[in-house]
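Structural features, examined
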Amino acid sequence: IVVLLLLLGNLRGGLIVASAIPLSMLAAFIAMKQLGISGNLMSLGAIDFGLIVDGSVVMVENIVRVLHERRGDHGVSHVEKVRSAAHQVARPVVFAVGIIILVYLPILALRGVEGKMFRPMALTVVFALAASLVAALTLMPVLASLFLRKVSEKEPWLFRWAKRIYVPVLDGALVRRKITVGVAVLVFLVSLAITPFLGTEFIPRLDEGAIAMQIWRLPSISLEQSNRISLQAEKVLREEFAQEIDTVVSRTGRAEIATDPMGVEISDTYIMLNPPEKWRFDSKEELIEAIEATVTKRVPGAIFSFSQPIELRVSELISGVRSDVAIQIYGDDLAMLKKKADEVVRAVQKVAGAADVKAEQTTGLPVLRVRIDRQAAARLGIHAEEILDVVEAVGGIPAGMVFEGQKRFLLQARFGGETRASLERIRDLRVPAPPAVAGGPRRLVPLSQVADVTLEDGPAQISRENISRRISVEANVRGRDLGSFIAAAQAAVRDEVELPSGWSLDWGGQFENLQSASRRLALLVPLSLLLIFLLLYTTFSSARLAVLIFLNVPLAISGGIAALALRGYPFSISAGVGFIALFGIAVLNGVVLVSYIVERRERGLGADEAAREGALVRLRPVLMTALVASFGFVPMALATSAGAEVQRPLATVVIGGLVTSTLLTLLVLPTVYSWFTARRTEVEI
């Protein structure tokens, strides 16, 4: 609102424009409620007030300008002046806001996690923009006719100051056309050169204010010993990190009927953190590294991995693992699967940014194996079934059913606990044998005489997928973007791990989501650009003018890339959505400027004169729409609340892109228009 007042120079005009904000928001929420669409945090953050009022800014600014220019024309009524001013910009406003709405529509085609996050946002913006367009075309002229009867004779000081700087720069650009266009092309090429160094990730990691530490032990561990290790870890954390940690709670094992079952050898330890102001560490990554070093040193018999409570569950639901990256190896031999998984672990651990790399625990569960010596049993006349009956009694033989009302309980008979706990006693169990002589007493033979009884390490679990046995290798990524880490890890695995013939290896986790969303964006972004071009062509009925306005897009992209690089953000799906939104906003100012230049040309002005006059007349609305839209995204760009990590790249892209696209609109667009038109005239002559 402050920007509106300073550039418009009219308090009532600024308040009239600002009135479009609550009306558009209310209309958007009513529309979503009527359609049964639930919003989310991204929906609220996406409502950029500057974006909503862009159409109203152009409308009211033109009304103020016309009233200022025709203030001495007493033969025309005030209402008629407002009406003519509104008609003058109605067409470009409709198409400009329509283009912004149009570029948001492809976002509705996103699927998966990114679709759940960004579709409500896109719908909210579309509904709000549609309502703002209606308000700009109907409500703004009415309010202007009622409250803008007096217009100041002097232009606002900020606009006069901007004009003083702009006029000589514009004249220089119009004279030095090749240099102006060359600088714009150079900026675009430099931004393309920066792009590979940004890195990529799926969605920025949200700070949940807590750490989920997983404790992994041998599968053969007892519940009592597992709990002792968990309690020891909790005690160490409370002692060493009292300033950083508020609460520590562990949960060991999970029922098989749960959505993500796990044995008693795995514990989830939830570490609730104090506010960062109390920490002795500069970042959460440093805190995690310190915790990992401490528990690894002071809690023997376990390995540790770190994530966040919600992130952990989401990763498990998406890819079946509890880490950022999942490497799935498919084969037939369990022993060879374990060997190859260990090779992958060693290869990935060498990659910079790798953390908590571990293979799925598929072995280590003690198994009592009884192999019947059939020759010895045959010499003693003992059937294999009699031997197996004794072995079965170690675990329990059904002996009946107990009824308590409607309840039924299976009754089993088995050897006592002391016998079952000792391998020697199991070997000494007696197996009945036929009498040595006919009519004599039956004999009892030790089990060890007719069977080989051993305790071996068996498989703790056997996972299957795609009609094949599978083992997983998990890894988290710290201090590095996901895309470059995966590229380096894939190269390391290719060089160091050779799979047997017929085996395969897949990469999943967050990387799988990144690949899927990137493929979809690779279709949606060109589609957005094509829709923009078609609408521009429809607006001006000229491919030349459509291409001219379309030049806004490359330099807008340059600013977005530069802004991401300056803030150290990798390219993410959030930033990709920001680029889609930026395309529409960048084109809006081009439509407003070129439509006025075309109007001046139709009235008989030359190309250079029309370009210069159009740029000067449209300086104020272009500055207002760009600055208001940029300031509207500032709260998102600087936000630190829950979910701000997803919003910041989006807002950063839009703000950076608007800076460069505004410069293009005000300098390069008039220059290219006059140049192309002059060359076209020369060809015709």
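Counting of residues starts from 1 at the beginning of each chain's written sequence and follows it residue by residue. Given that this is a predicted model, residues contribute local features only at a pLDDT of at least 70 and side-chain atom pairs are listed and counted only at 80 or more, while totals for whole chains, interfaces and linings are drawn from all residues. Hydrogens and waters are ignored; side-chain quantities use all the structure's heavy atoms.

1. Describing the overall build of the chain
Our working definition: The secondary structure listing takes helices from DSSP runs of H or I that are at least 4 residues long and strands from runs of E that are at least 2 residues long, numbered from the N terminus. Each residue's exposure class comes from its accessible area (1.4 Å probe, protein chains only) as a fraction of the maximum for that residue type: buried when under 20%, exposed when over 50%, partly exposed otherwise. Residue contacts are counted whenever heavy atoms from the two residues lie within 4.5 Å of one another. Areas reported here follow the Shrake-Rupley algorithm with a probe of radius 1.4 Å; residue values treat only the protein chains shown as occluding.
Helix and strand content of the chain: 27 helices and 15 strands. Taking the principal axes of the C-alpha coordinates as reference, the chain spans close to 135 × 60 × 45 Å. Scored against the burial criterion, the 685 residues of the chain give a buried share of 51%. Summarising the internal contacts of the chain: among those between residues at least 6 apart in sequence, 76% fall at separations of at least 24. Carbon and sulfur atoms provide 59% of the accessible area of the chain, an area that totals close to 32600 Å².

2. Observations concerning the side chain of Ser574
Along the polypeptide, Ser574 turns up in helix α24 (residues 573-602). What Ser574 contacts, discounting residues up to four positions off in sequence, is Phe118, Pro204, Val646, Gln647, Pro649 and Leu650.

3. Observations concerning the environment of Asn513
Inspection of the secondary structure assignment puts Asn513 in helix α21 (residues 510-540). On a C-alpha basis, the gap between Asn513 and Ile573 in space is 9.9 Å, while along the polypeptide they are 60 residues apart.

4. Section: the pattern of salt bridges
Put simply, the rule reads: Here, a salt bridge means any side-chain nitrogen of Lys or Arg that lies within 4 Å of a carboxyl oxygen of Asp or Glu.
For the coordinates displayed, the defined rule picks out 24 salt bridges. Here Arg298 ties to Glu240 by a salt bridge, and the two come within 2.6 Å at their closest N and O atoms. Of this pair, Arg298 sits in helix α12 (residues 284-298) while Glu240 sits in helix α11 (residues 223-240), and the two are 58 residues apart along the sequence. Classification of Arg298 by relative accessible area gives partly exposed; the value is 35%. Looking at Glu240, the relative accessible area reads 35%, which means it is partly exposed. Here Glu343 and Lys340 are joined by a salt bridge, their closest N and O atoms 3.5 Å apart. Taken together, the residues Glu343 and Lys340, both in helix α14 (residues 334-349) and three residues apart, mark about one turn of the helix. Through salt bridges with shared partners, a single network forms among Glu239, Glu240 and Arg298.

5. A closer look at the nonpolar core
In plain terms, the rule: Nine residue types can take part in a nonpolar core, namely buried Ala, Val, Leu, Ile, Met, Phe, Trp, Tyr and Cys, and a core is a set of them joined through side-chain atoms within 4.5 Å.
Ranked by internal contacts, the top residues of the largest apolar core, which has 118 residues, are Tyr104, Ile107, Phe118 and Leu536. It is α24 that provides the largest number of residues to this core, a total of 18 residues. Ignoring any residue separated from it by four or fewer positions in sequence, one finds Ile107 in contact with Phe118, Arg119, Met121, Ala122, Val577 and Ile580.

6. Describing the confidence of the model for the chain
To keep things clear, this is the line we draw: Confidence of the prediction at every residue is given by pLDDT, a number between 0 and 100.
Counting all residues, the mean pLDDT for the chain is 82, and 92% of those residues have values of 70 or more. A low-confidence stretch, residues 681-685 (pLDDT under 50), is modelled with zero contacts involving residues beyond four sequence positions or located in other chains.

7. Brief notes about a negative patch on the surface
Put simply, the rule reads: Put simply, a patch holds well-exposed residues, over 30% relative accessible area, that have no salt bridge, with like charges counted together within 9 Å and Val, Leu, Ile, Met, Phe, Trp or Tyr side chains within 5 Å. Positive charges are assigned to Lys and Arg, negative charges to Asp and Glu, while His and the chain termini are left out of the count. Throughout, a charge is located at the NZ atom of Lys, the CZ atom of Arg, the CG atom of Asp or the CD atom of Glu.
The grouping of Asp282, Glu285, Glu286 and Glu289 at the surface amounts to a negative patch. Positionally, Asp282 belongs in the loop between β3 (262-273) and α12.

8. Some points on the packing of helix α8 (residues 112-147) against α24
Applied cut-off: For helices, the fitted line uses only the C-alpha atoms of the stretch in contact; every axis is such a line through C-alpha atoms, and the angle between N-to-C directions lies from 0 to 180 degrees. Between 65 and 115 degrees an angle is taken as roughly perpendicular, under 35 as roughly parallel, over 145 as roughly antiparallel, and anywhere else as oblique. In a left-handed crossing the near helix is turned counterclockwise from the far helix by less than a right angle, and in a right-handed crossing that turn is clockwise. In this classification, the charged set is Asp, Glu, Lys and Arg, the nonpolar set is Ala, Val, Leu, Ile, Met, Phe, Trp, Tyr, Cys and Pro, and all remaining amino acids, among them Gly, are polar.
Between α8 and α24, whose axes approach to 11 Å, the crossing angle comes to 30 degrees. As summarised for this structure, α8 and α24 are arranged roughly parallel, according to the angle between their axes. Regarding α8 and α24, the two cross each other, and that crossing is right-handed. Between α8 and α24, the residues in contact are Glu114, Phe118 and Met121 and Ile573, Ser574 and Val577, respectively. When grouped by side-chain class, the residues that make up the contact of α8 with α24 number four nonpolar, one polar and one charged.

9. Here we look at the sheet that holds β3
Quick note on the threshold: Think of it this way: DSSP has to see at least two bridges between two strands before they count as a pair.
One open sheet holds the four strands; their spatial order is β2-β3-β1-β4, and the pairing between them is antiparallel. In this open sheet, the two edge strands, each paired with only one partner strand, are β2 (245-254) and β4 (303-307). With strand direction ignored, the average angle separating the axes of adjacent strands in the sheet is 20 degrees. Sheet strands touched by α11: β1 (210-216), β2 and β3. Its angle to β2, the strand with the most contacts, is close to 165 degrees.

10. Points about the packing of aromatic side chains
As a reminder, the rule being used: What counts as a ring pair is set by centres within 6.5 Å for rings of Phe, Tyr and Trp (its six-membered ring), and what kind of pair is set by the plane angle: stacked under 30 degrees, edge-to-face over 60, tilted for all other angles.
Inspection of every chain in the model, using the stated rule, returns three aromatic pairs. When the centroid spacing of 6.4 Å and the interplanar angle of 40 degrees are considered together, the rings of Phe241 and Phe281 count as tilted. Of the two residues, Phe241 sits in the loop between α11 and β2 while Phe281 sits in the loop between β3 and α12, which places them 40 residues apart along the sequence. Judged by its relative accessible area of 21%, Phe281 falls in the partly exposed class. For the pair Phe533 and Phe550, a centre-to-centre distance of 6.1 Å together with 90 degrees between the ring planes defines the contact as edge-to-face. On the criterion of sequence distance, the pair formed by Phe533 in helix α21 and Phe550 in helix α22 (residues 543-550) is long-range, its members being 17 residues apart. Residue classification places Phe533 among the partly exposed residues on the basis of a relative accessible area of 25%. Owing to a relative accessible area of 21%, Phe550 belongs among the partly exposed residues under this scheme.

11. Things to note about unusual backbone geometry
When glycine is set aside, most residues are seen to have a negative phi, and most peptide bonds are trans. The phi dihedral of Asp356 falls on the positive side, at around 55 degrees, and the residue is not glycine. Looking at the element boundaries, Asp356 is found in strand β6 (residues 354-359).

12. Section: the environment of Leu530
Along the chain, Leu530 turns up in helix α21. The class of Leu530 is partly exposed, set by a relative accessible area of 46%. Sequence spacing of Leu530 and Glu80 is 450 residues, and the spatial spacing of their C-alpha atoms is 39 Å.

13. Focus on the pairing of strand β9 (residues 407-413)
Bridge analysis of strand β8 (residues 397-404) against β9 gives seven bridges, and the strand direction is antiparallel. By the bridge assignment, Val402 is partnered in β9 with Phe409. Taken together, β8 and the strand that follows it, β9, pair antiparallel across an intervening segment of two residues, in which Gly405 is found at a positive phi of about 65 degrees.

14. Observations regarding the pairing of β6
Most of β6 sits out of view: five of its six residues are buried. Sheet topology note: the β6/strand β14 (residues 468-477) ladder contains four bridges and is antiparallel. The partner of Ala354 across the bridge, within β14, is Val477.

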